[in-house]
Amino acid sequence: MKKTFTINISGTVFHIDDDAYERLNNYISQINRHFGNDAEAREIVEDIESRISELFQERVKDGNEVITIEYVEEIIRIMGMPEAFDDAKEGEEPQMKIPGQTHRKLYRDPDDRVLGGVCSGLGAYFNFDPVIIRLIFVALFFGAGSSLLLYLILWIVVPKAYTSAQRLEMRGEEVNINNISKNIKEEVQDVKENYEKFRTNSRSRERMDHAGGILSSIFSAILKILAVIIGIALVFAGIFAIIALVTSLFITNEFIGITPLGNGLPHYLDLFANGNTLFWIWIGIGLTIGIPLIMLAYLGTKLIFRFRSSNGAVGLTALGLWVIGVILLIFMLVRGFSDFKSVSTSTKQEQITTKSDTLYLKLGADEFNDYLDSNLNFDGLRIASVNGKEFLLNQPKLDIVKSETGDFSMVIKTKARGHNLDKAQNNAREINYKFTLQDSLITFQPWYMLPEKSVWRNQQVEILLKVPENKTIYLSDEIVKIIHDIKNTSDTWDGDMGGKYWTMKPAGLELTIKKHAPIILPKKNKK
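Keep in mind that this is a model prediction, so the values were computed, not measured.

## Considering the overall build of the protein
Here is step 1: For the protein, the helix and strand inventory stands at 13 helices and 16 strands.
Here is step 2: Here the protein holds 527 residues, and the buried ones make up 40% of them.
Here is step 3: Residue pairs at least 24 apart in sequence account for 68% of intrachain contacts in the protein once pairs closer than 6 positions are excluded.
Here is step 4: Surface exposure of the protein reaches about 31000 Å², of which carbon and sulfur atoms provide 56%.

## A few points about the sheet that holds strand E1 (residues 4-9)
Here is step 1: Across the sheet, which stays open at both edges, the 3 strands sit in the order E1-E2-E3 with mixed pairing between neighbours. Where the open sheet ends on each side, the last strands, each with one partner, are E1 and strand E3 (66-67).
Here is step 2: Bridge analysis of strand E2 (residues 12-17) against E3 gives 2 bridges, and the strand direction is parallel. Looking across to E3, one finds that His 15 is bridged to Val 66.
Here is step 3: The strands that helix H1 (residues 18-35) touches are E1, E2 and E3; relative to E2, the one it contacts most, it runs at about 115°.

## Some details on the confidence of the model for the protein
Here is step 1: On average, residues of the protein score 76 in pLDDT, and 75% of them are at 70 or above.
Here is step 2: Scored below 50 in pLDDT, residues 88-101 makes 23 contacts in the model with residues more than four places away or belonging to other chains.
Here is step 3: Scored below 50 in pLDDT, residues 255-266 shows 19 contacts in the model against residues more than four places distant or in partner chains.

## A few points about the packing of H1 against helix H3 (residues 69-79)
The geometry of a pair of packed helices is captured by two quantities: the angle between their axes and the separation between those axes.
Here is step 1: At a minimum axis separation of 8 Å, H1 and H3 run at an interaxial angle of 20°. In this view, H1 runs roughly parallel relative to H3, as classed from their interaxial angle. Together, Asp 19, Ala 20, Arg 23, Leu 24 and Tyr 27 of H1 and Ile 69, Val 72, Glu 73, Ile 76 and Met 79 of H3 make up the contact between the two elements.
Here is step 2: Here the contact of H1 with H3 is composed, by residue class, of 7 nonpolar, no polar and 3 charged.

## Considerations on helix H13 (residues 421-429)
Here is step 1: Burial in H13 covers these residues: Ala 424, Asn 427 and Ala 428. The arc that holds the buried residues of H13, viewed along the axis, is 100°, so those residues lie on one side. Seen from the open side of H13, the exposed residues pointing more than 90 degrees away from its buried face are Asp 422 and Arg 429.
Here is step 2: Next to the buried residues of H13 lie strand E4 (342-351) and strand E9 (409-418).

## Some remarks on the environment of Glu 70
Here is step 1: Relative to the helices and strands, Glu 70 is located in helix H3.
Here is step 2: Separated by 51 residues in sequence, Glu 70 and Asp 19 have C-alpha atoms that sit 9.8 Å apart.

## Considerations on the sheet that holds strand E6 (residues 382-386)
Here is step 1: Here we have 3 strands laid out as an open sheet, ordered E6-E7-E12, and antiparallel in their pairing. Only two strands of the sheet have a single neighbouring strand rather than two, namely E6 and strand E12 (448-449).
Here is step 2: Two elements, strand E7 (residues 389-394) and E12, share 2 bridges in a ladder whose sense is antiparallel. Within E12, the position partnered with Leu 393 by the bridge is Met 449.

## A look at a nonpolar patch on the surface
Here is step 1: Among the surface-exposed residues, Tyr 125, Phe 126, Phe 128, Ile 132, Ile 136 and Leu 140 lie close enough to one another that they form a single nonpolar patch of about 560 Å² accessible area.
Here is step 2: Contributing elements (two or more residues each) for the nonpolar patch: helix H5 (118-126) and helix H6 (130-143).
Here is step 3: By residue number, the principal contributor to the nonpolar patch is H6, which donates 3 residues.
Here is step 4: Structurally, Ile 136 can be placed in helix H6.

## Considering the side chain of Ser 342
Here is step 1: The residue Ser 342 is located in strand E4 in this model.
Here is step 2: Classification of Ser 342 by relative accessible area gives buried; the value is 16%.
Here is step 3: In contact with Ser 342, not counting residues within four places along its chain, are Ala 416, Arg 417, Gly 418, His 419, Asn 420, Leu 421 and Ala 424.

Definitions and limits used
- Residues numbered from 1 in each chain as written.
- Predicted model: local features only at pLDDT ≥ 70, side-chain atom pairs only at ≥ 80, totals over all residues.
- Heavy atoms only, no water.
- Helix = DSSP H or I, 4+ residues; strand = E, 2+ residues; numbered from the N terminus.
- Buried < 20%, exposed > 50% of the residue type's maximum accessible area, 1.4 Å probe, protein only.
- Contact = heavy atoms within 4.5 Å.
- Areas by Shrake-Rupley, 256 points an atom, 1.4 Å probe, with all protein chains shown as cover.
- Pairing = 2+ DSSP bridges.
- Axes fitted to C-alpha atoms, helices over the stretch in contact; angles between N-to-C directions.
- pLDDT = per-residue confidence, 0-100.
- Parallel < 35°, antiparallel > 145°, perpendicular 65-115°, else oblique.
- Nonpolar A, V, L, I, M, F, W, Y, C, P; charged D, E, K, R; others polar.
- Arc of directions from axis to C-beta.
- Patch = residues over 30% accessible without salt bridge, like charges linked within 9 Å, V, L, I, M, F, W, Y side chains within 5 Å.
- Salt bridge = Lys/Arg side-chain N within 4 Å of Asp/Glu carboxyl O.

Here it is as structure tokens:
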């Protein structure tokens, strides 16, 4: 049975048995005797203890495991003994091959920073000149503007290199006693050199520097106040935007009224995508936009309260959720577009029976004119709200060609898309378009309606009227709303063909000069 002790190393509590405690205590005592008791030595020892604490944390998994003598010996092998570095020749490094200790870690570099030290940290991690990294960020900012958001995310996610051990990890150097000592001594030497340069200045320069120091303090105070104001603005903006986003996506079922096709489309998105796909698209949008807004508010909180956190868990979690949101959004959009990859057509032949050589074409009454949503008009596609329900409508396209027989006839072709050929064919067959025939008068419906609970899959209706040679048709003024690229011998535009008689000739429809006779409806109806 062994005794256990509770010790505190660099602010972290560990449980250690008596043998390990004695060995660790002797090791730290040796380090203290080696470096002495001045300020520089204390800083070196503090960084060494901080590194020892990090190494223990990597090995103690659940927080309750007791540190044994084996753990301590392993840490000593990694860190090295102070005497080993004294025995090394001047200008040479002790050869210590400790696996897994020379890999780089990503930190923000506070010693070579312009803003947050992100670019200098990336330069140290990838062994690149930080100037090149900064130029890349500037080019991306002016090119697409995406680098600003990326820089802010990295500023929040990537921890700052506070200790000498973290600076060594940032540069990919071994974190041992020698390197920690050398790093701190170099920093102290830099401070001494700067101080000596400062002392060699003249008194006038000292006074100017003193005045500059006062101005710098004032400017620093102003910047701190400004940072707090900016932080408050970021917190309020982030919270307001998050509330607006949640309300828009999950309460009003629209994305803050923003859409490239008009203000009304978000209300009817369920007519264009099935509910499951639409739900996950909203989740993807929420994560993609919401996570940066949350981190914006978090950044504002850090500016207000001026707290520092080396724990990257919050930032890494936010980055992970944001990446998941982007991937989910792209996946669901690709899945939504895949519902249009197949196309199918359904054709129906209609015989036109009439004793007249002239066929009169007109457009029926528009029953949905008062129910149409004025915000959406996409290539004839409209939405009608009737009795609290929304329906998709579209206009058919009428074309007129020469008949191969001596009789009038009509072909109604319905076309639609789908995830596969069967679904596309089913979508095409669900379209039901009607017209009425009364002797020589054909009345076309101005709209065709998609079945209830169906979604838009680019459904289309094309009407092909076949007219025998030397027979005539009359196009009413309102029929021009649905005629589509009718070929004629005079190259008359579709919009100018209404209110005229046209006779089918070998070369196509030819304008016929006739007086507009009234259309007399017979008593008997023929279907």
